[in-house]
Amino acid sequence: MARSTRRDFLKAGVAGAVLYGSGGAISAATKRSATDWVTLGKSNVKVTRLAFGTGTFSGRVQRELGQPEFTRLVRHAYDRGIRFFETAESYRGMPEMLGIALKGLPRDSYRLMTKYSTPASGDPAPKIDTFRKQMDTEYIDILLLHCLRPPTWVSDYQSLQDGFSEAKNKKVILAHGASVHGLPALRTFPGNQWLEIAMIRMNHNGTKMDTPEMRDIDQPGSVDEVVAHTKKVHAQGMGVISMKLCGEGRFTRPEDRDAAMKFAMNLGSVDAITIGFKSTAEIDEAIDRMNRVMNS
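Residues numbered from 1 in each chain as written. Predicted model: local features only at pLDDT ≥ 70, side-chain atom pairs only at ≥ 80, totals over all residues. Heavy atoms only, no water.

## Thoughts on the overall build of the chain
Here is the rule we go by: Strands are runs of DSSP state E lasting at least 2 residues, helices are runs of H or I lasting at least 4, and numbering of each runs from the N terminus. For this measure, only C-alpha atoms enter the radius of gyration; the expected value for a globule follows 2.2 Å times N^0.38, where N is the number of residues. Partly exposed describes any residue whose relative accessible area lies between the buried limit of under 20% and the exposed limit of over 50%, with all areas from a 1.4 Å probe on protein chains only and scaled to the type maximum. Any pair of residues with heavy atoms lying within 4.5 Å of one another is described as a contacting pair.
A tally of regular secondary structure across the chain gives eleven helices and ten strands. Taken over C-alpha atoms, the radius of gyration comes to 21 Å for the chain, in line with the 19 Å a tight globule of 296 residues would show. For the chain, the proportion of its 296 residues judged to be buried stands at 50%. Taking the intrachain contacts of the chain between residues at least 6 apart in sequence as the baseline, contacts between residues at least 24 apart amount to 74%.

Dropping the structure here:
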């Protein structure tokens, strides 16, 4: 009887462990974090879920910090586990400042994304070389066409797409895509076979999001339509990076920032987000908020 009881006890213990594993241990193992490495769709490029953006008001906020303070900020983000850094040609001075801030860190320990200004045409190779020199890197992980607006962008910027593809063949860049500003361009994203990465504005109430206009206007964007296109491109295999999570700085209340973050990260079609920072406190707050809302 004693052996039977002991056997039953051991069985119950194993069953309990399995139940705990399916409800507790596995949940803990799959708990999402801001600093998790995630794969951006079929590009196979891995980035941390939270990116450090350098384009707050076209980089003015970060630029005005000065190099020593900006470097301290980047290193704090790196030490906290953010290993995805993004900039752009149009963020005057920021690619160079970012290159200096990251100097000396193992190149394979972080990812770089920059953006090629549009409208433009011709061979992009010389500019891509300039970008690499500015950021002091042999290769760029992700290169995007920046700020697409017209629905005719595919034909308008064909030479740029061809040049990006050639740069990828040479491993000068590892993935290419585009950031979008406006529904006319976004409506062309589903079904596009060239785009590997889509950078899309996203928050819960449409602040600074896409509208039917081909210019930025001060009215809420169409959340439902943006979300519908985002889900389509993600299902197609594009990696999706979202921006404007803080409504370009307009969400100052914690509850608004929580709502925006929770909305984007619970869609199931946003892989990573980028936020511009000006202090270590903002970095810590964003990491804590992201960790909390993704798992609540």
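After that view, the rundown keeps rolling.
## With respect to helix 10 (residues 254-265)
Put simply, the test is: One fewer than the residue count of a helix, multiplied by 1.5 Å, yields its expected span. This arc describes the spread of directions from the helix axis toward the C-beta atoms.
An ideal rise of 1.5 Å per residue puts 16 Å on twelve residues; helix 10 measures up with 16 Å between its terminal C-alpha atoms. Every buried residue of helix 10 is listed here: D256, A260, M261, A264 and M265. The buried residues of helix 10 occupy one face: seen down the axis, they fall within an arc of 145°. Contacts made by the buried residues of helix 10 are with strand 10 (272-276) and helix 11 (280-294).

## What to know about the packing of aromatic side chains
Threshold: Any Phe, Tyr or Trp ring, taking Trp's six-membered ring, that has another such ring centre within 6.5 Å forms a pair; planes under 30 degrees apart are called stacked, those over 60 apart edge-to-face, and the others tilted. Definition used: whenever NZ (Lys) or CZ (Arg) falls within 6 Å of the ring centre and also within 35 degrees of the ring normal, the charge is taken to sit over that ring.
Under the defined criterion, the tally for this structure stands at eight aromatic pairs. Centre to centre, the rings of F52 and F70 are 6.0 Å apart; their planes meet at 75°, and the pair counts as edge-to-face. One end of the pair, F52, is in strand 3 (residues 50-53); the other, F70, is in helix 3 (residues 67-80), with 18 residues separating them in the sequence. The exposure class assigned to F70 is buried, which follows from its relative accessible area of 0%. Geometrically, the ring pair formed by Y116 and F131 is edge-to-face, given 5.8 Å between the ring centres and 75° between the ring planes. Of the two residues, Y116 is situated in strand 5 (residues 111-117) and F131 in helix 5 (residues 125-135); the sequence distance between them amounts to 15 residues. The two residues Y116 and F131 agree in class, both being buried. Counting every residue linked through ring pairs, the aromatic cluster contains F52, F70, F85, Y110 and F277. One Lys or Arg, R107, reaches over the ring of Y139 and ends 4.1 Å from the middle of that ring. Over the ring of Y116 we find K127; its NZ or CZ atom is 4.9 Å from the centre of that ring.

## Description of the sheet that holds strand 5
The condition is simple: In short, DSSP must find at least two bridges between two strands for them to pair. Convention adopted: a line fitted to C-alpha atoms gives each axis, helices being fitted over their contacting stretch, and angles between N-to-C directions are expressed from 0 to 180 degrees.
Spatially, eight strands are ordered 3-4-5-6-7-8-9-10 in a closed barrel, and the strand pairing comes out parallel. Averaged over all pairs of adjacent strands, the angle between their axes in this sheet comes to 25°, without regard to strand direction. Summarising the sheet, strand 8 (residues 197-201) and strand 9 (residues 239-243) pair through five bridges and their orientation is parallel. Considered in strand 9, the bridge of M199 is made with I241.

## Brief notes about the state of the cysteines
Short version of the rule: The disulfide criterion is simple: two cysteine sulfur atoms within 2.5 Å.
For the structure shown, the criterion picks out zero disulfides. With no disulfide of its own, C147 has C246 as its nearest cysteine by sulfur position, at a separation of 19 Å. In this structure C246 comes out as buried when scored by relative accessible area, which is 15%.

## Regarding the pairing of strand 6 (residues 140-148)
This is how it is decided: A clockwise course of the path from the first strand over the helix to the second, judged with the strands pointing away from the viewer, identifies a crossover as right-handed.
Where burial is concerned, most of strand 6 is hidden: nine out of the nine residues are buried. Sheet topology places strand 5 next to strand 6; five bridges connect them, and they run parallel. Within strand 6, the position partnered with T114 by the bridge is L143. In this fold, strand 5 hands off to helix 5, which returns the chain to strand 6; that crossover is right-handed. Where strand 6 meets strand 7 (residues 173-180), six bridges bridge the pair, whose relative direction is parallel. Counted as the bridge partner of L145 is A178 from strand 7.

## Re unusual backbone geometry
Put simply, T118 and P119 share a cis peptide bond, and its omega is 5°. Along the chain, the position of P119 falls in the loop between strand 5 and helix 5. Within the chain, D136 stands out as a residue other than glycine whose phi angle is a positive 55°. Structurally, D136 is set in the loop between helix 5 and strand 6.

## Looking at the pattern of salt bridges
Opposite charge on two side chains permits them to pair, given that their charged atoms come into close proximity. Our working definition: A side-chain nitrogen of Lys or Arg and a carboxyl oxygen of Asp or Glu constitute a salt bridge if their distance falls within 4 Å.
Counted according to the given criterion, the structure contains 22 salt bridges. For R60, the salt bridge identified is with E64, shortest N-O distance 3.7 Å. Residue classification places R60 among the partly exposed positions, given a relative accessible area of 37%. Where K127 meets E89, a salt bridge forms, and the shortest distance between an N and an O atom there is 2.7 Å. Note that K127 is positioned in helix 5 and E89 in the loop between strand 4 (84-86) and helix 4 (94-102), a separation of 38 residues in sequence. Salt bridges here are not isolated pairs; linked through shared partners, they connect R149, R201, D210 and D216.

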